[in-house]
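# Structural overview for review
One-letter residues, chain by chain:
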Amino acid sequence: MQPPAPLPIVPPAAPQEETAFIARHFRRNTRLYLTSISLSALTGSFGDMSMLVPSLVLKLNGPRWLSLFPMVAIMSLAYVPAIIMGWVMRPDTSRVRLYSFSILSMFLPLLIPSTALLLNAGRTTLIGSIFIGCALAAIGQGLTILPCWDLFARIFPQQTRGTIIGWSTGLAQLLNLVASIAVALLVGANSTALAWLPDRAREILAGWSSVAPFPRNYGISLLINITGGLVCATVLRRIKEYRHPHAGPRLPIRQYLGELRAILQRDTGFRRLLAGTVIGASLTSSMPLLLLYAVSQRGFTPDRIPLLLPISASVFIPVALLFGHLAAKIGPHRIAALCAGLVIAGWSTAMVAHNGILIVALIAGNFASTLYTYQIVAIMNHAPAGQTHRYLTLFYAGALVMGLTPLALNALLPLAPQLVPVAVITLATVTGSLLLMRSKHGEAAAEGTRRNSTLSLTDASGRATGEGAGCSYRC
């Protein structure tokens, strides 16, 4: 049997030159990156697909599937263009330009429902505009995924990436908490974000929020979200990235697919990591399922749901900073495994807890969203120089299917509710186990494979950065 063909060689680059370039622009790029994160956090809540858009559908008495559709689309439909982008992108393509332009395709489709809401269109028109706008926005978001993460890998040294992700996540949680109050002020005092305030305070805010009656208030909210996205794209355009040498013409699609297959054949360590992260993709959108389980099976009353916002943010801010610090020391794959452990703890607690105690379970289960970030970081750490987008393409190809798992479990919930937490705990256990199987021996073997197939970069201290210790970016 013929051995698999060697992986393509990354175009020659000067490691010292690239390292010096990243170091020279590190502070500037960090400021711009955190600025974009801040803008996204402050305005993103005005178009939140997990709370604001579903609440809008419920107010319109729309179909229940439409309430779930925005999040489902982000975790499945969005991965289709991401896989295509893996072929389109070349090492010498500017990730700054590609990412900033692709952001437009994510936010501009939201003008469709925003305009319909501002014009106070009929119910059928509004429901149709929400579906079309969210579907196109999800496809547009898929175009941003690979440029987003690849840009992060290009502008930050591997030793700092985990820390930056920790700081950015903590900052985003803090600003999301602040922004949620503004969203509630706009869409009404009965919003879940303000339900924990005293009655008198909500009466005052109700008077203020009546300035923009329903449904125009939701149209304004989406418009703020769109504006923030466009400003964010402008900020990102100012980032300085190292441009790799010209890579020649784009590969034929058949050859490109052959190179992806060669990665799987030659990189044993990555196969194990890929298996863990793909299975982990089945958990990243499981929080709504846990909430539904708590309400329908464990007696968690909906009036307690608003408490999750301030309490969860208060927990996530310090934990995000801690995870960012630890990621640089023990590796992002271990942080991802820790998040899988928290998901297990959350679902295990939910199986025996009742009422208010379930808040603890829900907060632990919400770390499923953090699992995604550190899985991506682990993949980027593992990918050799110039190959990040191809390794991520393989992940998204598998995650495209596994991301639909919560929908299947949701269909199982009314039929066999006791099996749902067992299934989630099993998936989380397998995810954590596979991520922790990255032993030193396995990582060293994977490094040897990558060194034989691609050129390595060396940082200022002379340590190889082609090995699986880089990091990644959250989009």
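Cut-offs used in this document
Residues numbered from 1 in each chain as written. Predicted model: local features only at pLDDT ≥ 70, side-chain atom pairs only at ≥ 80, totals over all residues. Heavy atoms only, no water. Helix = DSSP H or I, 4+ residues; strand = E, 2+ residues; numbered from the N terminus. Buried < 20%, exposed > 50% of the residue type's maximum accessible area, 1.4 Å probe, protein only. Contact = heavy atoms within 4.5 Å. Salt bridge = Lys/Arg side-chain N within 4 Å of Asp/Glu carboxyl O. pLDDT = per-residue confidence, 0-100. Phe/Tyr/Trp six-rings, centres within 6.5 Å; stacked < 30°, edge-to-face > 60°. Core = buried A, V, L, I, M, F, W, Y, C linked by side-chain atoms within 4.5 Å. Expected span 1.5 Å × (residues − 1). Polar contact = N/O pair within 3.5 Å; in protein donor to acceptor, adjacent residues only side chain to side chain. Axes fitted to C-alpha atoms, helices over the stretch in contact; angles between N-to-C directions. Left-handed = near helix turned anticlockwise from the far one by under 90°. Nonpolar A, V, L, I, M, F, W, Y, C, P; charged D, E, K, R; others polar. Patch = residues over 30% accessible without salt bridge, like charges linked within 9 Å, V, L, I, M, F, W, Y side chains within 5 Å. Areas by Shrake-Rupley, 256 points an atom, 1.4 Å probe, with all protein chains shown as cover.

### Quick word on the overall build of the protein chain
In terms of helices and strands, the protein chain carries 22 helices and zero strands. Relative to its 475 residues, the protein chain shows a buried fraction of 52%. Put simply, of all contacts in the protein chain between residues at least 6 apart along the chain, 84% involve residues at least 24 apart.

### Focus on the pattern of salt bridges
A complete count under the given rule lists three salt bridges for this structure. In this structure, Arg95 engages Asp150 in a salt bridge whose closest nitrogen and oxygen atoms are separated by 2.8 Å. Here Asp150 lies in helix H8 (residues 123-155) and Arg95 lies in helix H6 (residues 95-107), a separation of 55 residues in the sequence. The residue Glu241 makes a salt bridge to Arg154 at a minimum N-O spacing of 3.3 Å. Within this pair, whereas Glu241 is found in the loop between helix H11 (216-236) and helix H12 (253-266), its partner Arg154 is found in helix H8, the two being separated by 87 residues in sequence. You can call Arg154 buried: its relative accessible area is 8%.

### Considerations on the side chain of Ser129
Positionally, Ser129 belongs in helix H8. Classification of Ser129 as buried rests on a relative accessible area of 6%. What Ser129 contacts, discounting residues up to four positions off in sequence, is Ile112, Pro113 and Ala116.

### Here we look at the confidence of the model for the protein chain
Averaged over the protein chain, the pLDDT score is 78; the fraction of residues at 70 or greater is 80%. Model confidence for the protein chain, summarised as mean pLDDT per element, is weakest for helix H22 (residues 440-453) at 44 and strongest for helix H7 (residues 111-118) at 94. Predicted confidence for residues 1-12 stays below pLDDT 50, and this span has 30 contacts to residues more than four positions away or in other chains. Scored below 50 in pLDDT, residues 439-474 shows 99 contacts in the model against residues more than four places distant or in partner chains.

### Digging into the packing of aromatic side chains
The final tally for this structure, using the stated rule, is 14 aromatic pairs. On the numbers, 4.5 Å between centres and 65° between planes, the contact of Phe270 with Tyr391 is edge-to-face. With Phe270 in helix H13 (residues 268-280) and Tyr391 in helix H19 (residues 388-402), the pair connects residues that are 121 residues apart, well separated along the chain. Each member of the pair, Phe270 as well as Tyr391, is classed as buried. Taken together, a centroid distance of 6.1 Å and an interplanar angle of 55° make the contact between Phe323 and Phe367 tilted. Here the residue Phe323 occupies a position in helix H15 (residues 308-330), and Phe367 occupies one in the loop between helix H17 (358-365) and helix H18 (368-382), the gap between them amounting to 44 residues.

### Quick notes on unusual backbone geometry
For Asn120, which is not glycine, the phi dihedral falls at a positive 55°. Its location among the elements puts Asn120 in the loop between H7 and H8.

### Quick look at the nonpolar core
Within the largest apolar cluster, 114 residues are counted, with the highest numbers of intra-cluster contacts made by Trp347, Phe395 and Tyr396. Among residues more than four places away in sequence, those in contact with Trp347 are Ser286, Leu289, Leu290, Tyr293, Val420, Pro421, Val424 and Ile425.

### As for the side chain of Thr393
Structurally, Thr393 can be placed in helix H19. In this structure Thr393 comes out as buried when scored by relative accessible area, which is 2%. Setting aside anything within four residues of it in sequence, one finds Thr393 in contact with Ala82, Ile83, Gly86, Leu146, Tyr256 and Leu260.

### Regarding H18
With 15 residues, H18 should reach 21 Å at 1.5 Å per residue; the first-to-last C-alpha distance of 22 Å fits that figure. By the criterion of burial, H18 is predominantly enclosed, with 14 of the 15 residues buried.

### Remarks on the environment of Ser100
Considering the arrangement of structural elements, one finds Ser100 in helix H6. Note on Ser100: relative accessible area 3%, which makes it buried. Sequence spacing of Ser100 and Leu236 is 136 residues, and the spatial spacing of their C-alpha atoms is 6.3 Å. In this structure the side chain of Ser100 is engaged in a polar contact, spanning 2.9 Å, whose partner is the backbone oxygen of Val96. Side-chain polar atoms of Ser100 contact the backbone oxygen of Arg97, separated by 3.1 Å.

### With respect to the packing of H13 against H19
Two numbers describe how H13 lies on H19: the axes approach to 9 Å, and their chain directions differ by 35°. Like other packed secondary-structure pairs, H13 and H19 cross with a definite hand, here right-handed. Contacts between H13 and H19 involve Phe270, Leu274, Thr277, Val278 and Ile279 on the former and, on the latter, Tyr391, Leu394, Phe395, Gly398, Ala399 and Met402. Considered class by class, the residues forming the contact of H13 with H19 number nine nonpolar, two polar and no charged.

### A short note on a nonpolar patch on the surface
Side chains of Trp65, Leu77, Ile112, Phe131, Ile132, Leu136 and Ile139 sit close together on the surface and give an oily, nonpolar patch of about 580 Å² of accessible area. Elements with a minimum of two residues in the nonpolar patch: helix H4 (64-77) and H8. Of the residues forming the nonpolar patch, the biggest block, four residues, is contributed by H8. By secondary structure assignment, the location of Ile112 is in helix H7. The exposure class assigned to Ile112 is partly exposed, which follows from its relative accessible area of 35%.

### As for the environment of Ala23
Examined against the element boundaries, Ala23 turns out to sit in helix H1 (residues 15-24). Assessed through its relative accessible area of 54%, Ala23 is described here as exposed. As a C-alpha pair, Ala23 and Phe156 span 133 residues in sequence and 8.2 Å in three-dimensional space.

### Looking at helix H21 (residues 419-436)
Taking 1.5 Å of rise per residue, 18 residues should cover 26 Å, and H21 covers 26 Å from first to last C-alpha, within 8% of that figure. Within H21, burial applies to Val420, Pro421, Val424, Ile425, Ala428, Thr431, Gly432, Leu434 and Leu435. In this structure, the buried side of H21 is in contact with H13, helix H14 (287-297), helix H16 (332-352), H18 and helix H20 (405-412).

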